[in-house]
There are 4 protein chains.
Amino acid sequence: MDDEHILKRYERRTDPTRVLALSDGVFAIVITLLVLEIQVPDLASGQTLAGALREVRPSFIAFLISFVVVAIAWAGHRDLFALIRRTDPVLVWLNILYLLPLSVLPFGASLIARHGEEPVALEMYGILLVAIAVTRMAIWWYGTGRPHLLFSPVNRRSRWAGFAVVAVSVVAYAVAIAVADTSPVISFAIYGIAPILYFIGLALARTTAPPGSPDENLP
Amino acid sequence: MDDEHILKRYERRTDPTRVLALSDGVFAIVITLLVLEIQVPDLASGQTLAGALREVRPSFIAFLISFVVVAIAWAGHRDLFALIRRTDPVLVWLNILYLLPLSVLPFGASLIARHGEEPVALEMYGILLVAIAVTRMAIWWYGTGRPHLLFSPVNRRSRWAGFAVVAVSVVAYAVAIAVADTSPVISFAIYGIAPILYFIGLALARTTAPPGSPDENLP
Amino acid sequence: MDDEHILKRYERRTDPTRVLALSDGVFAIVITLLVLEIQVPDLASGQTLAGALREVRPSFIAFLISFVVVAIAWAGHRDLFALIRRTDPVLVWLNILYLLPLSVLPFGASLIARHGEEPVALEMYGILLVAIAVTRMAIWWYGTGRPHLLFSPVNRRSRWAGFAVVAVSVVAYAVAIAVADTSPVISFAIYGIAPILYFIGLALARTTAPPGSPDENLP
Amino acid sequence: MDDEHILKRYERRTDPTRVLALSDGVFAIVITLLVLEIQVPDLASGQTLAGALREVRPSFIAFLISFVVVAIAWAGHRDLFALIRRTDPVLVWLNILYLLPLSVLPFGASLIARHGEEPVALEMYGILLVAIAVTRMAIWWYGTGRPHLLFSPVNRRSRWAGFAVVAVSVVAYAVAIAVADTSPVISFAIYGIAPILYFIGLALARTTAPPGSPDENLP
C-alpha cells in the first residue's frame, strides 16, 4: 500500500463528520425532550390565562434554564469544532464523555421542575452542569493543544482564555451547589443567572478582541 | 497568520451547516413527538371504526394542525436558509430563539388536544404560534438585510413581501387569541384554517411573480 | 442579476439535501420510538424466560412488523431519491404528506399491540399502511415523470413497474382491512406477511432485470 | 444511456450517506432515550443527596452500562464505515438488522433498571447485547470481504482480528446469560465490566500494531 493510500485512509478514520452528526443529534433530541417535563395542567373552566400559566411556571422556568444551557453548550461545541480538522480516538471518547451529562439533563430539568425548592435536587442539577462544563473544558484543552488535529494552531493565550470562560461558570455552579442547603432560592437563582453572565462575558471577550486576534478562537 | 488563513477560518466559523443540522433535528423530533399526544383509546369489542375514530378525533385534529404548523415552519426555514451563505452570532442565536417556541409546540398540541374548548388553552396555543411567527420574521428581517450573509442581495420589496406573508398569520393568530374567551369554537377554527390561507397566499405570490423576479425570494 | 446567478439560486432552492435530512430524522425517530410501546412486564421471582417473553409477545410482534414497515419505507425512499437531482414545491409537500402517516405509525403500532384482536384496531392500522403506500406512489409517480427533477430520465416501463411493486402492497392491506371484521387473525397475519412478500417481489424484479436495464430503477 | 451515466447512477445508488444518516439518527436517539428510564424520585424534605442518589442508583447504573454499550457500538460502526466506499442491498439490510436490537436497548435498560436482580431480566438484556454483537460481526464480515464495497482491501488477518474483538464480548455475554439464573449479581457485574475489557483489548490491539499495519483496520 503506497503513501497516498495510507494518508487517505488516515483522513477517513479521523474525519469529524460523524462525531458532529451524533453530537448534533443528541443536542437536538435533548433540547426537544426537555419540554416533555412540562405537564399539561388540569384547566378549570373559567380559569384565567394568568392562573394557568402560574400552574406550569416552575416546570417552565426549569425548561427555560435547561434550554439555554443546551443552546450555549451547542454553540460552544460548534465554535470549538470549527477549529477541529481531524479527530483521534481520545477526542472522540472525550466528546462521548461530554454527551453523557448532556443526555442526563432532561432528568435534571425534571428534578428541579418538580422539586425546585429541595436542596438535594438543586445539588444534583448543579453536579450535572459542572460535569457538562468540565468535560467541555477537557475537549477544549485536549483539542487546542494538538496542532495536527487543528486547521491552524491556537496560541497559549487563546487556550487559557477559552478555558477561563467555561471555568467561570464552573465556579458559579459550585457556589450554587454549596448554598443549596441553606438558601435554595439563591441556588436556583444562580442557575437562572449564570447563562446570562456567560453571554455578557462572551460578548465582552469578542468586542475587546481586534479582528484576527487570538481571542476570536474563544470556545 | 496570512490573509488566506484568516479568510478560511472566517468561512468555517460562519458556515451554516451545523445550524441547519440542529434545526432539522429539532423539526424532525417535534413533528414526530406530536403523535405521542394521541392516546390509544380503550376499544370495546364490537365497536365500529367510526366510533373509535370519534374517540381520538380531538387529539387527532390538534395533531394535524400542529403537524402542518411545523411543516410550514420547516419549509419556510429551508427557503430562507437557501439564501443564507454565512451566519453570524446574532443569526445563530435568533435561530435558537426560533427553535424555543417550536420545541414547546408538543406541549401546546397536548393542551388543545385535551382542553380544546377551554379559552385559556386556546390562548396559550395562540401565543406559541405568534412566538414562532415573530421569531421567524426576526430571522428573515435580520438575515435578508445583511448582504455579507447572503448569496445574493435581496431587494427592499422582497424583504417586505416576505415579512408580510408571515405577518398575516400573526394577525390571524392574534384574532384567535382575542376571541378565545367569548367564542372558543371560532378560535379553534382559525388555528385550523390559518395554514390553508398561508398556502393560498404563497401560491398566489409565486404565481403572480415572473421567473427571476424578487418575489421568488419569499420565505 | 445575470444568468449564472439565477441558475445558482435555482440550484440552491431546489437542492434536496434538507428534504433528506428531515426525512431521515423522521425515519430514525419513528423507528426508535416504536420500542416505547413495549411495556416492561412485572417479572415475578422465579418466572422463566419463556414466560416473560410470552407476556411481551403481542407488543413485540407489533413492534417487529412496524419496524420492518419503516425500514422498507426508508429503503424505498432512499432508492427513489437516488434518482432525484432537484426538488420543486410540489415534491417537497408530497414528501411531507408522506411523512404524515409515517409519523402516526407509533400510534398504530401501539393500537395493534394493545388491541391486536379488535377489528377496529386492525382497520385503523391498515388505513395507516395504505396511506404510507399511496403517498409513496404519489412521490414516485410525480418525481419520475419530471425529467428536470431527475439525474437521468426514467422510462415508462420502469415507472409502471415501480408503481406496481407498491400497488401490490396496497391490495394486500386492503384485503387485511376488509377481512378484519370477520377474521381478525387473518388480518393480523397479512400485516406480518406482506413485508416478506415485498422482499421476495423486489428480489425477483432485481434478479430478472439485466444490469443497466430500466428495472434497476425500481423504488 | 452511455457508460459514464450508468457508472454515476451506480455510485448514487450505492452511496452510503443516507445509511449513515439513518444510523447516526438511531444512535443519537437511543443514547438520549435511555435517560427517560431514570424516574425522578420523590424527594423528602431534609433528605440528603446521598439518600436521593441511592434511590435512583439501580436505574442510573443500568443507564450508564447501556450508554457505554451504545457509545462503543457507534464508535465501532464509525470505524467500520470509514472503510466502506459503497453499499449494496445486502449491506443496507444487514445494517437495518443491526439497528433492530439497538433500538430495543432502551427497553432492555428499563428491564434491568427495574428488575436488575431477576434472572429473566438479565437473560433478556444479555440476548439483546448478543444480538447487537452478532449483527455487528455480520456487517464486518460481509463488508470487509467484498473489495468492490471498500476504499482499499482488508486482509485476511485483519478480518479475523476484527471478528475476534467482537466475538470476545459475545462469549462474555453468553457467560452472563448462563449464570443469570444461579448468580444474578455476577451476571449484572459482567454487563458492567465487559465494556471496560473491550476498551483494554482495543487499546492493546492498537498499541501493538505498527502504523500502517493491517490491525489498524480493527472495527
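Up top you'll find the structure we're talking about.
(A) Seen up close, the overall build of chain A. Secondary structure summary: chain A contains 7 helices and 0 strands in total. Ordering the α and β elements of chain A from the N terminus gives α-α-α-α-α-α-α. With the C-alpha coordinates of chain A rotated into their principal frame, the extents come out at 75 × 35 × 30 Å. Across the 219 residues that make up chain A, the buried fraction comes to 58%. Charged side chains in chain A number 17 positive and 17 negative. The centres of these two groups are separated by 8 Å.

(B) Fine view of a nonpolar patch on the surface. A contiguous nonpolar patch, built from I193, I196, L197, I200 and L204 of chain A and spanning about 480 Å² of accessible area, is present on the exposed surface. Examined against the element boundaries, I193 of chain A turns out to sit in helix α7 (residues 184–208).

(C) Representation of the pattern of salt bridges. In total, this model carries 16 salt bridges over all chains according to the counting rule given. With its nearest N and O atoms 3.5 Å apart, the salt bridge here joins E4 of chain A to K8 of chain A. Note that E4 of chain A and K8 of chain A are positioned in helix α1 (residues 3–14) at a spacing of 4 residues, about one turn of the helix. Given the relative accessible area of 47%, K8 of chain A is considered partly exposed. A salt bridge links E11 of chain C to R86 of chain C; the nearest nitrogen and oxygen atoms lie 3.1 Å apart. Of this pair, E11 of chain C sits in helix α1 (residues 3–14) while R86 of chain C sits in the loop between α3 (49–81) and α4 (89–115); the two residues are 75 residues apart in sequence, bridging distant segments of the chain. Given the relative accessible area of 32%, E11 of chain C is considered partly exposed. Its relative accessible area of 13% is what places R86 of chain C among the buried residues.

(D) Up close: the interface of chain D and chain C. Across the boundary between the two partners, chain D contributes 35 residues, which contact 46 residues of chain C. Across the chain D to chain C interface the summed buried area is about 3500 Å²; carbon plus sulfur atoms make up 70%. Broken down residue by residue, the surface that chain D buries against chain C is led by R9, R13 and R18 of chain D, which jointly contribute 23%. At the junction of chain D and chain C, the tally comes to 1 salt bridge. In this structure, the connection of chain D to chain C is made through 6 residue pairs in polar contact (both at pLDDT 80 or more). Among the elements of the structure, α1 (3–14), α2 (17–33), α4 (89–115) and α5 (119–144) of chain D are those that each provide at least two residues to the side of chain D that touches chain C. Ranked by residue count, the leading element in the side of chain D that touches chain C is α4 of chain D, at 12 residues. By residue class, the composition of the side of chain D that touches chain C is 20 nonpolar, 7 polar and 8 charged.

(E) The arrangement of the environment of A131 of chain A in detail. Residue and element names in this part refer to chain A. Looking at the element boundaries, A131 is found in helix α5 (residues 119–144). Classification of A131 by relative accessible area gives partly exposed; the value is 26%. Residues A131 and H5, 126 residues apart in the sequence, show an inter-C-alpha distance of 40 Å.

(F) Structural context of the relation of the copies chain D and chain C. Once chain D has been moved 0.0 Å along the axis and rotated by 90 degrees, it coincides with chain C to within an RMSD of 0.0 Å. Here the copies are linked by what is in effect a four-fold axis. For chain D, the minimum C-alpha distance to the rotation axis belongs to G25 of chain D and amounts to 4.4 Å. In this assembly, only 3% of the residues forming the interface of chain D have copies in chain C that are likewise at the interface, indicating a heterologous arrangement.

What counts and how
- Residues numbered from 1 in each chain as written.
- Chains lettered and ligands numbered in written order.
- Predicted model: local features only at pLDDT ≥ 70, side-chain atom pairs only at ≥ 80, totals over all residues.
- Heavy atoms only, no water.
- Helix = DSSP H or I, 4+ residues; strand = E, 2+ residues; numbered from the N terminus.
- Buried < 20%, exposed > 50% of the residue type's maximum accessible area, 1.4 Å probe, protein only.
- Lys, Arg positive; Asp, Glu negative; His and termini not counted.
- Charge placed at Lys NZ, Arg CZ, Asp CG, Glu CD.
- Patch = residues over 30% accessible without salt bridge, like charges linked within 9 Å, V, L, I, M, F, W, Y side chains within 5 Å.
- Areas by Shrake-Rupley, 256 points an atom, 1.4 Å probe, with all protein chains shown as cover.
- Salt bridge = Lys/Arg side-chain N within 4 Å of Asp/Glu carboxyl O.
- Contact = heavy atoms within 4.5 Å.
- Buried area = accessible area lost by both parts, 1.4 Å probe.
- Polar contact = N/O pair within 3.5 Å; in protein donor to acceptor, adjacent residues only side chain to side chain.
- Nonpolar A, V, L, I, M, F, W, Y, C, P; charged D, E, K, R; others polar.
- Least-squares fit on C-alpha atoms with pLDDT ≥ 70 in both.

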